[in-house]
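# Overview (structure and organization)
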Amino acid sequence: MKLFLSVLTIIVLSVTGNAYMLDNFEDGLIKKDPAWFEFDGVKLEVCENALSVSGFAKNWYIGGIGTDLAKDLSRFKTFEMDVYGYGDASGKIKVELYDDDNGNDKIETDKKWKPTNDDLWTSEINIDWYGAKHVSIPFSEFKCEGKGNKIWDPNFENNSKGIIKLQLIFLSSTKVGDINCSIDNIQFN
Amino acid sequence: MKRIIFAVIIGIFLTLPSWALKTDIPKDHWAYKSLNQAASFEITCPWFENAAKEATRLNIAEIFSKYIKYLDKSGLINPKPAAIDEEYADIPEDSPYLGSIKRVVSQYKIMQTSSGNEFNIDLNMPIGQFAISLSKILSLSKDLNIDRAELVRITKRQFMSNFPDSAYKRNNSIKRYEVVAALVKAVEYLKEKKQALKTEEIVAPSNLKDNISFGGMMGHIYEKSSSTSSLSMFGGKMAYEHPFAKDSAVEVAGLGCTYDLQSITPMFPAGVKTQTVKESMLDAQVSYKNAIPFYVGGGKLSSLVGVRSFWLANEAAKSSLLGLRGGLEYLTKIQEKLDGKIRLGVTAKILGEQGSSIIGEPSSVVDYELGLAYSILPDAFLSLNYAGDALVFSRSFVRYFNTLTLKSGWKI
């Protein structure tokens with residue numbers, strides 16, 4: 001019996017124990033647990049336990065959402081979320097992870113909002129499917145756009161606060177167009 | 001003065017059709033029919049004259065607004081309450097289009113605004129995005145229980161199927177006539193789905209109860225070739241139906257009637273012999289009914305297979321037939337409480353008995369029926385049926401029994 005419980009515990013931990021669920025929107029809240037901030041033309045609504053995202057772009061860019069993390073993500077390997085799409089005109093999501101490299105718990109940016117002393121790791125999701133899809137992006141596939149040490153080091157070493165911010169930027173799939181998607185179960189695994 | 005008014009009225013009537021057809025789309029173009037049909041769906045726009053142009057967001061907002069009003073009026077969508085008054089950075093408060101934009105952006109959330117709440121009236125809409133917007137309207141339907149993403153797929157495949165493939169690949173801006181054609185097809189789709197649902201209600205599980213009916217009938221008999229007829233025929237009918245599932249049932253029906261049959265026989269060298277006999281008829285049939293899984297004009301079609309027996313007897317002779325019967329039944333919901341029925345059947349003889357000189361040997365029967373049933377209570381109805389049988393005798397004459405039956409039925 002003890003052996004069985006031990007095996008079961010190992011299985012459960014191996015399946016769920018490693019994941020860090022950032023938000024599954026089951027509380028119906030956007031501004032709490034975690035507090036998401038939104039910017040520019042994006043419109044949000046929690047609908048059927050998922051975050052429905054809409055907005056219109058005159059020139060690709062619509063807007064985005066973000067949340068402060070300050071987490072050591074070094075034990076995780078992937079960024080994951082469920083995305084509900086409406087075919088190839090649904091839009092695109094750019095995932096941005098801000099890595100504190102100068103150990104000041106801040107991201108200094110230039111006029112184009114690009115970090116000047118820290119790393120910005122990005123990956124783009126082109127939503128071209130119908131219905132729900134689980135998207136998993138290994139950190140190794142993220143590209144560095146910042147001006148930090150250009151090393152994936154999402155830990156608390158050297159006074160760093162690890163990954164201090166996550167942002168999701170929403171883009172239209174055409175120069176002029178909409179974003180139409182829902183996102184859910186945002187997590188690190 | 002009267003002449004002037006008359007001339008003005010005539011003038012209006014003459015100009016109306018020409019306005020409806022005024023467009024730059026040639027008559028042989030695939031979308032021409034849709035532009036005309038749009039008038040019956042109350043979604044015409046003055047810009048139909050330049051229908052070949054690319055549609056602006058304002059054009060689309062304008063036609064979507066009319067479209068939503070029409071769908072709401074036709075009971076095809078669930079209306080949404082008016083949204084809180086919203087201002088748009090690029091739309092003046094006195095703009096004639098403000099109402100339409102509010103309806104599609106704030107009230108129904110079909111279209112969206114950009115950063116700074118600008119509507120951007122002059123920009124075009126890519127084809128793929130139009131499909132998503134139209135699917136949002138369809139998702140307001142009362143009768144579609146379809147996943148939103150699947151609705152986009154249906155919109156592209158069924159309502160935008162005439163669009164060239166390359167237009168999708170390049171995500172071209174949608175043209176005005178393409179907008180109208182897609183909207184017209186979508187209305188037809190919604191109406192078809194609504195009708196199909198109504199028809200499904202006829203055989204809905206809640207209606208899966210045993211059905212029994214009794215009624216009185218009257219009619220007449222006519223024989224074209226033998227100068228035999230009966231002006232009055234009275235009788236009774238009963239039917240019992242036991243459903244097995246949503247799509248199948250067994251039906252037992254019986255009929256009994258009596259009449260005075262008069263035959264006029266020419267006599268040699270001159271004169272006629274008139275013979276009148278009292279005759280009775282009994283008719284019984286057992287059928288297995290099974291729904292054919294497709295809808296015809298919004299109604300439900302079922303096949304019938306069974307046996308039928310016919311027995312005729314007068315003072316001098318009797319005649320009978322036992323045959324195999326096949327047929328079709330079409331049920332449709334005409335109104336909330338009114339159902340319509342059409343039935344056709346053919347019975348081919350298995351066994352038949354020779355009759356006397358008046359009654360020959362029956363070889364087959366063709367039956368036909370038209371019926372209307374009105375629900376007076378949830379589980380009770382009144383029906384009026386016109387039914388007929390063409391009884392074919394081996395001596396190659398046909399006797400027609402035409403009857404009108406008033407029945408009362410209950411679901412038990």
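Residues numbered from 1 in each chain as written. Chains lettered and ligands numbered in written order. Predicted model: local features only at pLDDT ≥ 70, side-chain atom pairs only at ≥ 80, totals over all residues. Heavy atoms only, no water.

Per an unreviewed UniProt entry, chain A is named CBM11 domain-containing protein, and its organism is Candidatus Saganbacteria bacterium.

We now examine the sheet that holds strand E5 (residues 61–71) of chain A. Residue and element names in this part refer to chain A. Strand order across the open sheet formed by 6 strands is E2-E5-E11-E7-E8-E10, with antiparallel pairing between neighbours. Two strands close off the open sheet at either side, each with one partner strand: strand E2 (37–40) and strand E10 (143–144). By the bridge criterion, 8 bridges tie strand E7 (residues 91–99) to strand E11 (residues 163–171) in an arrangement that is antiparallel. Bridge pairing in E11 links Tyr98 to Lys165. (Pairing = 2+ DSSP bridges. Helix = DSSP H or I, 4+ residues; strand = E, 2+ residues; numbered from the N terminus.)

Taken together, the contact between chain B and chain A spans 23 residues of the former and 23 residues of the latter. Surface buried jointly by chain B and chain A totals about 1900 Å² across both partners, of which 51% is contributed by carbon and sulfur atoms. Area buried by chain B at its contact with chain A is led by Gln112, Gln129 and Ile132 of chain B, which between them contribute 29% of it. Put simply, chain B and chain A have 2 salt bridges between them. Across the salt bridge formed by Glu118 of chain B and Lys58 of chain A, the nearest N and O atoms sit 2.6 Å from each other. At the junction of chain B and chain A, the tally comes to 12 residue pairs in polar contact (both at pLDDT 80 or more). Those elements giving two or more residues to the side of chain B that touches chain A turn out to be helix H5 (127–138) and helix H6 (148–159) of chain B. Class assignment of the residues belonging to the side of chain B that touches chain A gives a composition of 5 nonpolar, 11 polar and 7 charged. (Contact = heavy atoms within 4.5 Å. Buried area = accessible area lost by both parts, 1.4 Å probe. Salt bridge = Lys/Arg side-chain N within 4 Å of Asp/Glu carboxyl O. Polar contact = N/O pair within 3.5 Å; in protein donor to acceptor, adjacent residues only side chain to side chain. Nonpolar A, V, L, I, M, F, W, Y, C, P; charged D, E, K, R; others polar.)

Okay, the side chain of Glu329 of chain B next. All names here are of chain B. Within the secondary structure, Glu329 sits in strand E6 (residues 318–333). Under the relative-accessibility criterion, Glu329 is labelled buried at 1%. Side chain to side chain, Glu329 and Arg343 meet in a polar contact 2.9 Å long. In this view, Glu329 contacts Lys289, Lys300, Leu301, Ser302, Leu304, Lys341, Ile342 and Arg343; residues no more than four positions away in its chain are not counted. (Buried < 20%, exposed > 50% of the residue type's maximum accessible area, 1.4 Å probe, protein only.)

Turning our attention to the pattern of salt bridges. Residues and elements named next belong to chain B. Within the structure shown, the criterion is met by 19 salt bridges over all chains. Residue Asp379 pairs with Lys209 through a salt bridge whose shortest N-O separation is 2.7 Å. Within this pair, whereas Asp379 is found in the loop between strand E8 (362–377) and strand E9 (380–393), its partner Lys209 is found in the loop between helix H8 (176–202) and strand E1 (211–223), the two being separated by 170 residues in sequence. What makes Asp379 partly exposed here is its relative accessible area of 30%. What makes Lys209 partly exposed here is its relative accessible area of 31%. Of the charged contacts, one joins Asp389 and Arg308 as a salt bridge, the two residues approaching to 2.8 Å between their closest N and O atoms. Of this pair, Asp389 sits in strand E9 while Arg308 is found in strand E5 (residues 299–314), placing the two residues 81 residues apart along the sequence. Like Asp389, the residue Arg308 is buried in the burial classification.

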